[in-house]
Amino acid sequence: MSQKPKPYALITGASKGIGKSIAYELAKQGYSLLLVARNEEELKALSDDLQSKYGINTAILSIDLSINAASQKVINWIKMNNYPVGVLVNNAGYGVWGNFSESSLTDQLGMMQLNMNVVVELSHLLVPILSQEKQAYILNISSTAAYQAVPTLAVYSATKAFVLSFTRALRFELAQTSISVTCFSPGPVDTGFAARAGLDAFSKMAEKFNMQPDEVAKIAVKAMFNKKSEVIPGFTNIISVYANRILPKAFIEKTAAGIYKI
């Protein structure tokens, strides 16, 4: 009787930042990996390094997940190759900074598609596959921005609030199944996120508070395997979120507006 192969971990946004660090963390623990991101060259380099260092199986898929029907293409790829998936890491996402009315609507909608819809689509499409494993995991990457409204990051913070709320509900619904669901909400991380979002001035200030991707990934993976419901890494970030809960919202939003001002 042949032994069932060890399940794969699917990581979106795997070519850089937190996703890349999570890939290394899972590889250290012997997980085979399905790496999904836009940049094929970066994915190939990551895949080769992971195989060389840890002797694991890897497969890559270069795709822009913000395009409609991209999630279904990911599932088709998984089914066509009969990959047994036991871990889903919904990490892919980006931010758009600026006054909402002056920012590109196309960019805002693309961000909503990637930050929210893809999380929902992949979770829904993969639950039947994850359910085939004795123990499976979904790790959704949110942000401390999920806990407050952030002027000039209005849509981004709203998408992360969606991820947080969705994860909480999904965890409850799947509580009696083999699938554990965790929401991980980091604060500033040294990934180049601020620069990509157009927050050049803020990125210089954030350097004082940035956590490193490897450190964050280690906490995230540990929380996932410990079946934690909701995790915020870093003492400063925990205090910040606690303050958001007890201080007046108007004060919090005015403070955030001052930090992220145009």
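Everything here concerns the structure above.
The sections below set out a description of the structure shown in this document. Keep in mind that what you see is a predicted model, and the values were worked out from it rather than measured.

1. Quick look at the pairing of strand E2 (residues 32-37)
Here is step 1: Here E2 lies mainly inside the structure; six of its six residues are buried.
Here is step 2: The two faces of E2 match: Ser32, Leu34 and Val36 on one face and Leu33, Leu35 and Ala37 on the other face are all buried.
Here is step 3: With five bridges joining them, strand E1 (residues 8-12) and E2 adopt parallel strand pairing. Pairing of Thr12 across the sheet is with Val36, part of E2.
Here is step 4: In this fold, the crossover linking E1 to E2 by way of helix H1 (residues 17-28) has right-handed handedness.
Here is step 5: The β-α-β motif built from E2, the intervening helix H2 (residues 40-54) and the parallel element strand E3 (residues 58-62) has right-handed crossover chirality.

2. Overview of unusual backbone geometry
Here is step 1: A positive phi angle is found at Ala69, which is not glycine, with a value near 75 degrees.
Here is step 2: When you line up the elements, Ala69 lands in the loop between E3 and helix H3 (70-80).
Here is step 3: Of note, Lys227 is a non-glycine position whose phi angle comes to about 60 degrees, a positive value.
Here is step 4: The residue Lys227 is located in the loop between helix H8 (213-225) and strand E7 (230-231) in this model.
Here is step 5: Lys227 sits in the partly exposed class, given a relative accessible area of 40%.

3. Side note on the nonpolar core
Here is step 1: Counting 37 residues, the largest nonpolar core has Leu10, Leu34, Leu65, Val74, Trp77, Ile78 and Leu126 as the members making the most contacts within it.
Here is step 2: At seven residues, the largest contribution of residues to this core is made by helix H4 (residues 105-130).
Here is step 3: Ranked by size, the runner-up nonpolar core spans 33 residues in total, among them Ile18, Ile22, Leu43 and Val89.

4. Concerning the sheet that holds E7
Here is step 1: Pairing in this open sheet of seven strands is parallel, and the strands run E3-E2-E1-E4-E5-E6-E7 from one edge to the other. Each edge of the open sheet carries a strand with a single partner, namely E3 and E7.
Here is step 2: Of the strand pairs in this sheet, E1 and strand E4 (residues 85-90) are connected by four bridges, and their pairing is parallel. Considered in E4, the bridge of Leu10 is made with Leu88.
Here is step 3: Relative to E3, H2 is tilted by about 175 degrees, and along the sheet it contacts E2 and E3.

Parameters at a glance
Residues numbered from 1 in each chain as written. Predicted model: local features only at pLDDT ≥ 70, side-chain atom pairs only at ≥ 80, totals over all residues. Heavy atoms only, no water. Buried < 20%, exposed > 50% of the residue type's maximum accessible area, 1.4 Å probe, protein only. Helix = DSSP H or I, 4+ residues; strand = E, 2+ residues; numbered from the N terminus. Pairing = 2+ DSSP bridges. Right-handed = clockwise from strand over helix to strand, strands pointing away. Core = buried A, V, L, I, M, F, W, Y, C linked by side-chain atoms within 4.5 Å. Contact = heavy atoms within 4.5 Å. Axes fitted to C-alpha atoms, helices over the stretch in contact; angles between N-to-C directions.

Any link to function would need more than the numbers given here.
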